[in-house]
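Remarks on the overall topology
Spelled out from the first residue to the last, the chains are:
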Amino acid sequence: MTQQVIHLMVKLQRSVQSLLESDIIKPTDSIWKIALLYGDEWQYWKQELLEFGFTMQDPISELLSVEAWDEE
């Protein structure tokens, strides 16, 4: 039996989706807005997002539209 590991970025997507559903953020807001909600953890997440080619000005909807997080 193999256990599938959830990619960390999927966990971030789920958290952000939850914020969206709670009307805390909007899909058109820039990614940097979630920095305010992540506090000390933000530097880690920011680095991960940059490595995947995002900018902090990209809309949150772009982050949520990613279907597969392939590590190269």
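Look up a bit, the structure's there.
Residues numbered from 1 in each chain as written. Predicted model: local features only at pLDDT ≥ 70, side-chain atom pairs only at ≥ 80, totals over all residues. Heavy atoms only, no water.

Points about the overall build of the protein chain
Threshold: For the purposes of this entry, the term helix denotes a DSSP run of H or I that reaches at least four residues, the term strand denotes a run of E that reaches at least two, and both are numbered from the N terminus. When accessible area is computed with a 1.4 Å probe and restricted to protein chains, residues below 20% of their type maximum are described as buried, those above 50% as exposed, and intermediate ones as partly exposed. Two residues form a contact once any of their heavy atoms are found within 4.5 Å.
The helix and strand tally for the protein chain stands at 4 helices and 0 strands. Taken from the N to the C terminus, the helices and strands of the protein chain come in the order α-α-α-α. Burial status across the protein chain gives 33% buried among its 72 residues. Within the protein chain, residue pairs in contact and separated by at least 24 positions form 60% of the contacts whose partners lie at least 6 positions apart.

A look at the environment of Trp69
Operational definition: Pairs of N or O atoms are called polar contacts if they sit within 3.5 Å, as long as, within protein, a hydrogen donor faces a hydrogen acceptor (for residues adjacent in sequence, only side-chain-to-side-chain pairs).
Turning to its location among the elements, Trp69 is positioned in the segment after α4 (60–64). According to the relative accessible area criterion, Trp69 is buried, its value standing at 8%. Remark: the alpha-carbon pair of Trp69 and Leu8, spanning 61 residues in sequence, is separated by 9.1 Å. What Trp69 contacts, discounting residues up to four positions off in sequence, is His7, Met9, Val10, Gln13, Phe52, Phe54 and Leu63. Separated by 2.9 Å, the side chains of Trp69 and Gln13 make a polar contact.

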